[in-house]
Structure formats: C-alpha cells, structure tokens
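Summary of structural features
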Amino acid sequence: MVRTIQLEGVSIEKNGRQILTDINIEVRTGETLGIIGPTGAGKTTLLRVMDLIDLPSKGRVLFKGEAPKNEGERLAARRRIGVVFQRPVMLRGTVYDNVAYGLRIRRLSKDEIDERVEAALSDVGLKGYERRPAKVLSGGEMQRVALARALAISPELLLLDEPTANLDPRTSYVIEELISRAKMRGMTTVVSTHDLPQAVRLADRIVIIMDGRVVSSGSADLLLNSDSDDVRAFLHAGMLRPVDWRFIHEFARVSH
Ligand SMILES: Nc1ncnc2c1ncn2[C@@H]1O[C@H](COP(=O)(O)OP(=O)(O)OP(=O)(O)O)[C@@H](O)[C@H]1O
C-alpha cells in the first residue's frame, strides 16, 4: 500500500507543554482521512506536523516514504503539500495574486498560471473575483480563495483544517462537493473537523484524537460499533449519545 505521509511515534512539545503524544498515523495515497476531536485536542498541531512545519520533539514523519534529511528536502516536500488553515491568511493584492502565489514561486508560465487560477477559482465558485482585493473579502470567501490557492498547485497532499467552520450551509455544501471531486481525481486529503456528520460523509477512515493522543481510528462503521470507553467518552463530550451518532451516520449516508 502506498502511503503519502506517515507519522511514527510523533510527540510535540511547545513552550514546555506536551501537545501531541506518540502519534502513529499513516495517510494512504488517494484516501480522505478525517481527524476529529474536541477543541484543543491537537488537530491543528497534527496538521502542522503533516505540513512539515512543526517538527516532532520525538518520532519521525515520512513524506512519500522518506523523512526529509535536511532543510532543503523539507522545503521541497512542503511545496508538494497544499494546506488551508482555519483562519486563512490573505496576502496583499488581488484574489488572482493570492491564487497565483504558489504557481509563481514554481515559475510556471503566465499562460499556465492564468489557466490554473481560472480553473481553481471556478472550482470554488469564485469565478469573476480575480481583480478584487483579497484582504476585504468575507471570511467565507477568504476560505475559498485559500482552498483555490491550495488546489492550484495540484498538491500531492491536501490538508484542510476545519474547512467549513465559518461557512453558511450552502457554501459548506459547495466545499464538501469540491473535496469529494478532488478525491475522485485521486487527491490524498486530510480533513480535520468538529462536524461528525461531515467526517462521515467525506472520510474513508477517521482518527479520533483527545488530549493529544489517538484514541481510535478506522472506518466510520468501526467507530460506530466501538466499545472503547474513550470513543464513547468522546461521543458524550460532543453531546452525542451513541444512538445519535448512529442516526447521524445513517443521515449522512442517505443525504450524501
Ligand atoms: N505554541 C504553543 N504553545 C503552547 N501551547 C500550545 C501552542 N500551540 C498550541 N498549543 C496548545 O495545544 C493544544 C492543542 O492545540 P490545537 O490548536 O492543535 O488544537 P485543536 O484540536 O486544533 O483545537 P481547535 O479545534 O480549538 O482548533 C491547545 O491546548 C493549545 O492551547
């Protein structure tokens, strides 16, 4: 089985705080992996580790089977990863400039940049926004520009941190459809979310993290039938009894 990224015994400590402990996760090429967990569990930090920004205090991270051996290799690997964080950063300039950013760094031709920016903006439903200043967009629009920027580079790994947290239901639906279409094209995606039905709709496998540790992982069905106390505790922490969770799962399946 081909793996795009693997975390082996990864621990992260920041400012004297243990944030992630002994994480073992593999992301298989072509799959969508859902990361769910309560607020503060370490989901964003986990995505930062997968984006090769946060370096483990212990353990190692393999991208395409290899751990970057030096700074040059780490940066080269990072260029193959697209990421959208929860609070997207807009660069100065227009929407076009923002989406073109990674393509210019990669020194693509002007024609190819135009083509890719147009395709990515149309994918996220923002065709016609090219000339708008990015910094005055609404939160939801910024989120979509950030997603277009990540998709435009045709990443080998797409990391999405709560991609619909600030969006209205219709825009959330557009984004979910986009993630599903990217998956159909073979995109390897990791999506962190608070939204359990969303995880069930999008993910092939789900990892539950609590207090910086993986407490369970597997298909939605496997989690549903889990008799682990930790998983049940999470469902309760999310104000969901197992019976609600079961209902959500059925609903997600029917409404997909
Ligand atoms: N630089 C840092 N120094 C100290 N503590 C940190 C640092 N960064 C994150 N943390 C702490 O680590 C924990 C995990 O943070 P993280 O942002 O990864 O959680 P999360 O699961 O993404 O939360 P949320 O769902 O609320 O976004 C939190 O308690 C946070 O306060």
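No experiment lies behind these values; they were computed from the predicted model shown. (Residues numbered from 1 in each chain as written. Predicted model: local features only at pLDDT ≥ 70, side-chain atom pairs only at ≥ 80, totals over all residues.)

A short note on the nonpolar core
Note that soluble globular proteins tend to have their nonpolar side chains buried in a common cluster. Judged by nonpolar contacts, the single largest core of 67 residues is most densely connected at V99, A148 and L159. Of all the elements, helix α5 (residues 139-152) adds the most residues to this core, at 8 residues. Not counting the four nearest positions on each side in its chain, V99 is found in contact with V117, A120, L121, V145, A148, R149 and A152. (Core = buried A, V, L, I, M, F, W, Y, C linked by C-beta atoms within 7 Å. Buried ≥ 20, exposed ≤ 12 C-beta atoms within 10 Å, placed from the backbone. Helix = DSSP H or I, 4+ residues; strand = E, 2+ residues; numbered from the N terminus. Contact = placed C-beta atoms within 7 Å.)

What about the pairing of strand β7 (residues 189-193)?
The buried fraction of β7 amounts to 5 of the 5 residues, a majority that puts the element mostly inside the structure. Side chains T189, V191 and T193 of β7 all project onto a buried face; the interleaved residues V190 and S192 project onto the opposite face, where all are buried too. As paired elements, strand β6 (residues 157-161) and β7 share 4 bridges and run parallel to each other. Counterpart to D161 in the pairing with β7 is S192. With respect to chirality, the unit in which β6 leads through helix α6 (residues 169-184) into the neighbouring parallel β7 is right-handed. (Pairing = 2+ DSSP bridges. Right-handed = clockwise from strand over helix to strand, strands pointing away.)

What about the site of the ligand?
Every residue lining the ligand is accounted for by K14, N15, R17, I19, G37, T39, G40, A41, G42, K43, T44 and T45. At the level of elements, β2 (17-28) and α1 (43-50) are the ones that each hand at least two residues to the shell around the ligand. Ranked by residues supplied to the shell around the ligand, first place goes to α1 with 3 residues. For the shell around the ligand, a count of residues per class yields 2 nonpolar, 7 polar and 3 charged. (Near = placed C-beta within 6 Å. Nonpolar A, V, L, I, M, F, W, Y, C, P; charged D, E, K, R; others polar.)

Side note on the packing of helix α3 (residues 95-105) against α5
Between α3 and α5, the shortest axis-to-axis distance is 8 Å and the interhelical angle comes to 30 degrees. When the axis of α3 is compared with that of α5, the two are roughly parallel. Viewed along their axes, α3 and α5 form a crossing whose handedness is right-handed. For the pair α3 and α5, the contacting residues are V95, N98, V99, Y101, G102 and L103 in the first and V145, A148, R149 and A152 in the second. (Axes fitted to C-alpha atoms, helices over the stretch in contact; angles between N-to-C directions. Parallel < 35°, antiparallel > 145°, perpendicular 65-115°, else oblique. Left-handed = near helix turned anticlockwise from the far one by under 90°.)

Focus: the packing of helix α4 (residues 110-123) against α5
Two elements in contact, α4 and α5, have axes separated by 9 Å at closest approach and are oriented at 135 degrees. Here α4 lies oblique to α5, going by the angle between them. Crossing of α4 over α5 shows right-handed handedness. Where α4 approaches α5, its residues R116, V117, A120, L121 and D123 are matched on the opposing element by A148, L151 and A152. The class makeup of the residues in the contact of α4 with α5 is 6 nonpolar, no polar and 2 charged.

Structural notes on the pairing of strand β1 (residues 3-14)
Bridging between β1 and β2 involves 8 bridges; their strand directions are antiparallel. Considered in β2, the bridge of I12 is made with L20. Count of turn residues in the β1/β2 antiparallel hairpin: 2 residues, of which N15 carries a positive phi of about 45 degrees. Here β1 pairs with strand β4 (residues 58-63) via 5 bridges, running antiparallel. Bridging from a neighbouring strand, E8 pairs with R60 of β4.

Comments concerning the sheet that holds β2
Within the open sheet, the 3 strands sit side by side as β2-β1-β4. Their pairing is antiparallel. Two strands in the sheet have a free side with no partner beyond their single neighbour: β2 and β4. Across this sheet, the average inter-strand angle for adjacent strands is 15 degrees, counted without regard to direction. In this fold α1 packs onto β1, β2 and β4, with an angle of close to 125 degrees to the strand it touches most, β1.

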